[in-house]
Amino acid sequence: MKTHYLNYVAGLSLIFLMASCGNQGSETSQVLGGSAAEQAYVAPGEYDEFYAFMSGGYSGQITAYGLPSGRLLKEIPVFSKYPENGYGYSEETKAMFNTSYGEVPWDDSHHIELSQTDGEFDGRWLFVNGNNTPRIARVDLKTFETVEILEIPDVAGLHCAPFITENSEYLVSGTRFSVPIPQKDVPIDTYKKNFKGLINYVSVDPEHGHMELAFQIEMPGFNYDLARNGKGKSHGWSFLTTYNSEQEHSLLEVNASQKDKDLMAVINWKKAEQYMKEGKFTERETSYFHNLMNEETSIAESEEKTLTKILDPKECPDMVYFIPVPKSPHGCDVDPTGEYIVGNGKLSADMSVYSFDKIMKAIEEKNFDGEFDGIPIISYEAALDGIVKKPGLGPLHTEFDGRGNAYTTFFISSEVVKWDVASKEILDRQSTFYSPGHLVIPGGETKKPDGKYLVAMNKITKDRYLPTGPELAHSAQLFDISGDKMKLILDFPTKGEPHYAQAIAADKIQPNSVKFYDIENNKHPYATLGESKTRVERDGDEVHVYMTAIRSHLAPDNIEGFKVGDKVYFHLTNLEQDWDVPHGFAIQGATNAELLVMPGQTRTLLWEPKRPGVFAFYCTDFCSALHQEMSGYARVSPKGSNVPLKWGLNEKLRENEQAAHDFYEKAKQNANIGK
Ligand code: RUQ
Ligand code: CUA
């Protein structure tokens, strides 16, 4: 018996292992014709038509690419500290990493969701989940900076997140792992009795984008995997796939794959709102952090919250239902009309497509097939619209082109398959190299997809690029989907392990992009708004340096009177009011990182000098022809010494504003030669 069981385990693993190498060989050196290359070509100086925002997976970050060129435009740090610009190291950004577990410098980010208005991307914000220490982050698309992180309490592995509703009312977020709630010390084999899963509704303030945990729904202890919200006619409903309806806690690979069907949760969130208004919730004590960048001071502020509101489906009838989905479902996607919901069973030979109208009818007629924990299970046949027969192996995710077609990735058979949503007929299939996870079509999850391109995000790279040791960059593949057949037009490497991406027309973001921060609005308490105000102040062991940067000098640039054991705070204000002129700041012996300060912004680096001497500091960003001159010295004396504080650029300039002005004008002219 035991051997038999183990063989079964080995067999299953093999299917997935084989997937990764299945397509190697014959097709790998497919040569692209000239016309294909032209389609992805964006000439020097030209802009791309779309932004694609890719999650970083285990990098915890987001990258922005241009489509169709596949050019990397920017890496946006979100959940991981980023010494490249001081995010998470500067005093202003440290609080973004606060959680109920203390400072957490990393996470695993999977799903990008762009804000929507009336079911279309509006280009305002971008949300992304942190899996490991459950959190949701918001990036402001005016500045491409992370401005808010909200922790989600009492969940584990926030994979099923942060799926947005059609007017950005909520970010729906389910727990991947069920856990004891509230957390307690219990034997793991009491799973069935003690473990529960929470589905979280995080509201988004329509004006400022601020997130708040509105309510949590306490669900049976399954694994909640992915979700989508209804749109148009199905607006007000959420659909979430689950696996492990077996409620096993070990060797899930086998034990959570026993049942023929798992369950998709169907939630009427308008009903949930009504129950919230009626006060049908219970409050639970917990702890979670809300970190928000103060727009005026540009300093992250952190607040611990201690209460959540829970809705129990047993007390709230007509709020939650289940529908059976064949075999370990993963993706769950709603078409642009809001009528069709695609449930992809990873181990199922077919794909089930459900009809929203039929689901509503089944609910009305109470066409149920029993219940689970008091939650009615809608009859599979009653909810089903139709089946896509033998589309491929290992279906994962589906997006839509707005012309009635769906595109699904198949991990095991390593392909993208195009099919007709209404007729379920398969129209085309193209290999990907290799084993795609998610795919993205610009606007492909909205009411109005821009069905021109499709990007498959592949999990395995193997022989697609020059080898770079054991680890290869993950590959993305761009297809032209404007014709009947999909056409591969570009391969490009990505950063981290992109799970999902969303792409949006550039003209929804580009006009609002901030070029520099208005220094008039800089309300940072340690800002130095003008070089005449630069100074150094001591308060016990703390020393505050009010420093400015403008091409091509830091002021002050000679500082004496630091002592071993001091905590020196360099508050650097970049006085530039021009696009693309950040200044950097680095000092020898700093054990954190550098600062990269945007024009008009103030950022602070803590330096704790460890030994006496004279230490150089300098600007790290090649900002002008005289960038190399942009440097200075800090003199450190032994602890207890009485060397007085002294600083300057040039004493004469500090006293005489006109002389200073002339000097800087001249300096600017010199510096601009090189820019
Ligand atoms: S998942 S590769 Cu983390 Cu969205 Cu399916
Ligand atoms: Cu400022 Cu280089």
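Preceding this paragraph is the structure being described.
Keep in mind that this is a model prediction, so the values were computed, not measured. (Residues numbered from 1 in each chain as written. Chains lettered and ligands numbered in written order. Predicted model: local features only at pLDDT ≥ 70, side-chain atom pairs only at ≥ 80, totals over all residues. Heavy atoms only, no water.)

Caption draft 1: Structural view of the overall build of the protein. Helices and strands together make up the secondary structure of the protein, namely nine helices and 46 strands. A globule of 675 residues ought to have a C-alpha radius of gyration of about 26 Å, and the protein, at 28 Å, matches this closely. Considered along the principal axes of its C-alpha atoms, the protein spans approximately 85 × 65 × 50 Å. Looking at the protein as a whole, 58% of its 675 residues qualify as buried. (Helix = DSSP H or I, 4+ residues; strand = E, 2+ residues; numbered from the N terminus. Rg over C-alpha atoms; globule rule 2.2 N^0.38 Å. Buried < 20%, exposed > 50% of the residue type's maximum accessible area, 1.4 Å probe, protein only.)

Caption draft 2: Just the sheet that holds strand S41 (residues 583-587), in detail. One open sheet holds the six strands; their spatial order is S42-S41-S44-S45-S39-S46, and the pairing between them is mixed. The outermost strands of the open sheet, each flanked by one partner alone, are strand S42 (595-597) and strand S46 (646-648). Direction aside, the axes of adjacent strands within the sheet are offset by 25° on average. (Pairing = 2+ DSSP bridges. Axes fitted to C-alpha atoms, helices over the stretch in contact; angles between N-to-C directions.)

Caption draft 3: Representation of the environment of Val421. Here Val421 lies in the loop between strand S29 (415-420) and strand S30 (426-431). Expressed as a C-alpha distance, the spacing of Val421 and Tyr340, which sit 81 residues apart in the sequence, is 7.7 Å. Filtering out sequence-adjacent residues up to four positions away, Val421 remains in contact with Asp335, Tyr340, Phe400, Gly404, Asn405 and Ala406. (Contact = heavy atoms within 4.5 Å.)

Caption draft 4: Focus on the pairing of strand S13 (residues 195-204). Most of S13 sits out of view: eight of its 10 residues are buried. Across five bridges, the pairing between strand S11 (residues 170-174) and S13 is antiparallel. Within S13, the position partnered with Leu171 by the bridge is Val202. Of the pairings in the sheet, the one linking strand S12 (residues 179-180) to S13 comprises two bridges and is antiparallel in character. The residue of S13 that forms the bridge with Val179 is Lys196.

Caption draft 5: Examining the site of ligand 1 more closely. The environment of ligand 1 is made up of His110, His111, His159, Leu226, His330, His397, Gly437, His438, Lys459 and His499. Of the residues in the shell around ligand 1, the class split is one nonpolar, eight polar and one charged. (Near = heavy atom within 4 Å. Nonpolar A, V, L, I, M, F, W, Y, C, P; charged D, E, K, R; others polar.)

Caption draft 6: Geometry of the pattern of salt bridges. Counted under the stated rule, the structure contains 33 salt bridges. Across the pair Asp401 and Arg403 runs a salt bridge, and its minimum N-O distance is 3.3 Å. Classification of Asp401 as buried rests on a relative accessible area of 2%. Connected through shared salt-bridge partners, Glu113, Arg228, Asp333, Glu399 and Glu445 make up one network. (Salt bridge = Lys/Arg side-chain N within 4 Å of Asp/Glu carboxyl O.)

Caption draft 7: Representation of the layout of surface pockets in the model. Space inside the largest pocket adds up to approximately 1,400 Å³. Taken together, 43 residues make up the lining of the largest pocket; nearest its centre are Lys74, Thr143, Phe144, Ser513 and Trp579. For the lining of the largest pocket, the secondary structure elements donating two or more residues are strand S1 (50-55), strand S3 (72-76) and strand S9 (145-151). Residue composition of the lining of the largest pocket, grouped by class: 20 nonpolar, 10 polar and 13 charged. (1 Å grid on protein atoms, 1.4 Å probe; cavity = no way out; pocket = protein on both sides within 12 Å on 5 of 7 lines; lining within 4 Å. Points joined across faces, edges and corners; volume = space filled by probe spheres on them.)

Caption draft 8: A look at helix H6 (residues 356-364). For H6, the complete set of buried residues consists of Phe356, Ile359, Ala362 and Ile363. One face of H6 carries all of its buried residues, which in axial projection span an arc of 120°. Of the residues in H6, the exposed ones pointing more than 90 degrees away from the buried face are Lys361 and Glu364. The N-capping residue of H6, defined by a side-chain oxygen 3.3 Å from the backbone nitrogen of Asp357, is Ser355. Count one or two residues on from H6 and you reach Lys366, which has phi positive near 50°. (Arc of directions from axis to C-beta. Polar contact = N/O pair within 3.5 Å; in protein donor to acceptor, adjacent residues only side chain to side chain.)

Caption draft 9: Seen up close, the nonpolar core. With 29 residues, the main nonpolar core has Tyr201, Ile217, Met219, Leu311 and Phe322 as its most contacted residues. Ignoring sequence-local partners within four residues, the contact set of Met219 consists of Lys196, Gly197, Ile199, Tyr224, Ala265, Pro313, Val320, Phe322 and Ile375. Core analysis: the second largest hydrophobic core is formed by 28 residues, Phe53, Met96, Val128 and Ile509 among them. (Core = buried A, V, L, I, M, F, W, Y, C linked by side-chain atoms within 4.5 Å.)

Caption draft 10: Looking closely at the sheet that holds strand S28 (residues 405-410). Taken together, four strands build an open sheet; the order of strands is S27-S28-S29-S30 and the sheet is antiparallel. A single partner strand is all that each edge strand has here, and the edge strands are strand S27 (395-400) and S30. When strand polarity is set aside, the average angle formed by the axes of neighbouring strands in this sheet is 20°. With six bridges joining them, S28 and S29 adopt antiparallel strand pairing. Across the sheet, Thr409 pairs through a bridge with Val416, a residue of S29.

Caption draft 11: Focus on the state of the cysteines. On inspection of all chains with the given rule, the structure shows zero disulfides. The thiol of Cys316 is unpaired, and the distance to the nearest cysteine sulfur, on Cys160, comes to 20 Å. (Disulfide = S-S within 2.5 Å.)

Caption draft 12: A look at the side chain of Arg603. Considering the arrangement of structural elements, one finds Arg603 in strand S43 (residues 602-607). The charged side chain of Arg603 is buried without a salt bridge, its nearest counter-charge being Glu92 at 4.4 Å. One polar contact links the side chain of Arg603 to the main-chain carbonyl oxygen of Ser298, over a distance of 3.0 Å. Residues within four places of Arg603 in sequence aside, it is in contact with Ser90, Glu92, Thr93, Met293, Ser298, Phe570, His571, Leu572, Leu595 and Val597. (Lys, Arg positive; Asp, Glu negative; His and termini not counted.)

Caption draft 13: Region of the structure containing unusual backbone geometry. The linkage connecting Leu67 with the following residue, Pro68, adopts the cis geometry, with an omega of 10°. Counting through the fold element by element, Pro68 comes out in the loop between strand S2 (62-67) and S3. For the bond from Ala555 to Pro556, the omega torsion is 0°, close enough to zero to count as cis. With respect to the helices and strands, the residue Pro556 is situated in the loop between strand S38 (553-555) and strand S39 (558-563).

Caption draft 14: Inspection of the packing of aromatic side chains at higher detail. By the definition in use, this model includes 27 aromatic pairs. Residues Tyr51 and Phe53 carry aromatic rings whose centres are separated by 5.9 Å and whose planes lie at 10° to one another, so their mutual orientation is stacked. Residue classification places Tyr51 among the buried positions, given a relative accessible area of 14%. Put simply, the rings of Phe562, Phe570, Phe585, Trp607, Phe615 and Phe617 pair up and form one aromatic cluster. (Phe/Tyr/Trp six-rings, centres within 6.5 Å; stacked < 30°, edge-to-face > 60°.)

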